[in-house]
Amino acid sequence: MTAYDRSLFWFRRDLRDDDNAGLHYALASSRQVFCVFVFDREILDALPGRADRRVEFVLESVAELRESLRARGGELIVLHGRAGDEIPALAARLGVAAVFANEDYEPAARARDAAVERALASAGRRQHLAKDQAIFARDEILTQAGGPFVVFTPYRRAWLAKVDDYYLKAYPVAKRAERLAKPPFATGLPTLASLGFEPTNLRALPVPTGMSGARRLFADFRSRMADYRTARDFPATKGVSYLSVHNRFGTTSIRDLARAAWKGKGEGPATWLSELVWRDFYFQILWHHPHAATGAFRREYDAIAWPGRDEHFEAWCGARTGYPIVDAAMRQIAATGWMHNRLRMVVASFLVKDLLLDWRRGEKYFADHLLDFDLSANNGGWQWAASTGCDAQPWFRIFNPVTQSERFDPQGRFIRRYLPELAKVPDRFVHAPWTMPPLEQQAAGCVIGRDYPAPVVDHAAQRERALALFKAVRA
Ligand SMILES: Cc1cc2nc3c(=O)[nH]c(=O)nc-3n(C[C@H](O)[C@H](O)[C@H](O)COP(=O)(O)OP(=O)(O)OC[C@H]3O[C@@H](n4cnc5c(N)ncnc54)[C@H](O)[C@@H]3O)c2cc1C
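First things first, this report covers the structure right here in the doc. (Residues numbered from 1 in each chain as written. Predicted model: local features only at pLDDT ≥ 70, side-chain atom pairs only at ≥ 80, totals over all residues. Heavy atoms only, no water.)

**Details of the sheet that holds strand β2 (residues 30-40)**
And step 1. Read across the open sheet, the five strands follow the order β3-β2-β1-β4-β5; overall the sheet is parallel. Taken across any chain shown, the strands that pair with only one partner, and hence form the sheet edges, are β3 (76-81) and β5 (126-130). For this sheet, the mean angle separating the axes of adjacent strands, direction not counted, is 30°.
And step 2. Sheet topology note: the strand β4 (residues 98-102)/β5 ladder contains five bridges and is parallel. Residue pairing for β5: Ala98 is matched across the bridge by Arg126.
And step 3. Against the sheet, helix α1 (residues 21-28) makes contact with β1 (4-11), β2, β4 and β5, and its axis sits at roughly 145° relative to β2, the strand it touches most.
And step 4. Here helix α5 (residues 107-122) sits on the sheet in contact with β1, β2, β4 and β5, set at roughly 150° to β5. (Pairing = 2+ DSSP bridges. Helix = DSSP H or I, 4+ residues; strand = E, 2+ residues; numbered from the N terminus. Axes fitted to C-alpha atoms, helices over the stretch in contact; angles between N-to-C directions. Contact = heavy atoms within 4.5 Å.)

**Let's talk about the packing of aromatic side chains**
And step 1. Tallied over the entire structure, the rule returns 35 aromatic pairs.
And step 2. With a centroid separation of 6.3 Å and 15° between ring planes, the pair formed by Trp316 and Phe366 is classed as stacked. One end of the pair, Trp316, is in helix α13 (residues 310-317); the other, Phe366, is in helix α16 (residues 359-369), and 50 residues separate them in sequence. Like Trp316, the residue Phe366 is buried in the burial classification.
And step 3. In textbook terms, an aromatic cluster arises when at least three aromatic residues are bridged by ring pairs, as seen for Phe149, Phe152, Tyr155, Trp278, Phe281 and Tyr282. (Phe/Tyr/Trp six-rings, centres within 6.5 Å; stacked < 30°, edge-to-face > 60°. Buried < 20%, exposed > 50% of the residue type's maximum accessible area, 1.4 Å probe, protein only.)

**What to know about the layout of surface pockets**
And step 1. When its volume is computed, the largest pocket comes out at roughly 1400 Å³.
And step 2. Lining the largest pocket are 49 residues, and of these Tyr228, Glu275, Trp278, Tyr282 and Asn341 sit closest to its centre.
And step 3. At the level of elements, α6 (152-162), α9 (228-231), α10 (244-249), α12 (267-288), α15 (341-354), α17 (375-386) and α18 (401-408) are the ones that each hand at least two residues to the lining of the largest pocket.
And step 4. Here the element with the most residues in the lining of the largest pocket is α12; it accounts for eight residues.
And step 5. Partitioned by chemical class, the residues of the lining of the largest pocket number 23 nonpolar, twelve polar and 14 charged.
And step 6. Ile43, Leu47, Glu106, Arg248 and Phe373 are the residues nearest the centre of the second largest pocket, which is lined by 40 residues in total.
And step 7. Here the lining of the second largest pocket gets six residues from one element, more than from any other, and that element is α5. (1 Å grid on protein atoms, 1.4 Å probe; cavity = no way out; pocket = protein on both sides within 12 Å on 5 of 7 lines; lining within 4 Å. Points joined across faces, edges and corners; volume = space filled by probe spheres on them. Nonpolar A, V, L, I, M, F, W, Y, C, P; charged D, E, K, R; others polar.)

Written out as structure tokens, the structure is:
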């Protein structure tokens, strides 16, 4: 039974044509389904620079999606404009009765979708949104008292108690692919230049794009999933999945990943599943507590007047803090648009509790540079490190960057990969090179202050200042 003669499916952060809930529902309820992707000027114009790996990643992924839809007998209409204008206009041009898409929980996306829904409704058209990017969203997981969870462990317990084959099942597209329609006009694909962007180094990075890239990464990770728990904290080791950008843009199905982890045996799959649950957890935090997008989740911490200095922020961004683990991590994000999770925690803690800078400055830097930038996960991660978040690192627990370095990069393999100036520094000094005697510095070709900076702050002293800042607000 089809409800509509024609409808339109609008791809956003779900750039795949299989196991796509919204596309599945569009095909199930329409005789003909047109497909569109909009390079939204509102998003593109707000990006910090005109060379942005994300635009390139999306363009390549859209190109693959278009080929795949064509192979199924359909087409992808690709537009460049304000989505809020383009979608109602295209719906009118195609004469569709409904627009289908997948839910997006970010505040700006919710506002956009509400505006599009109003514009469509004023012309007698419907909008249907499906859950696709999370396993459980909004208020699907609530406490026994009926409120949202703010602590992860009980949320995870409730998530695991609720999940079953139903929630992890795929939404196939192939079965009704003959309903994919071609528009009665010619369509093209923009170029990076026509979108107003310049090429980045994305192609030189080991970041495969599109659905095929996600499949390749996941196939590789599945063979390593059993070791995830023991390997995931060591940035020099290939221990994690590297799938975050694919989770961000939906070039993979989260149900597919969660199903593999849920059905897997042992601690590796269970630990990886927990990471996917963190993703849902932060989505629902922002959904229920939108104030956290701009301020502290625990509002009392908005009162902290962060005394950090601008030149220290510049040193952090520019990988010149003098703490090798921090600097190597900051070079990793600049060079690749990705940073290992352990290092995200270390550099975030360092910015807030060693440099005493407002966590939002670091959050913004990550938002500008991460290929996998996701408002909920990034905000959650920063507020965790800053101790301002819902289920955060306690305020009195402050990472020591040297100890973290010794523990998670014992031979300095990661550090040396990104800081070649420390290549010859002996292992015992690589975590704190300023402790190297002058003769050793000469021998290693790494004179502190000349070849590598002295530490910009003293960790022990800054730790005391950070504790005092928190104590003052708590008092
Ligand atoms: C300060 C800070 C900022 C962060 N910013 C982001 C961000 O903008 N986007 C982002 O996707 N992740 C963010 N994370 C979470 C995490 O660091 C990355 O998801 C992870 O490093 C990505 O690598 P991976 O795909 O190999 O992860 P894996 O270890 O293989 O994990 C699998 C997937 O689980 C999800 N995931 C893992 N950890 C988390 C987490 N803590 N919160 C939410 N989802 C998680 C991701 O989708 C990831 O792809 C941040 C963490 C911190 C501490």
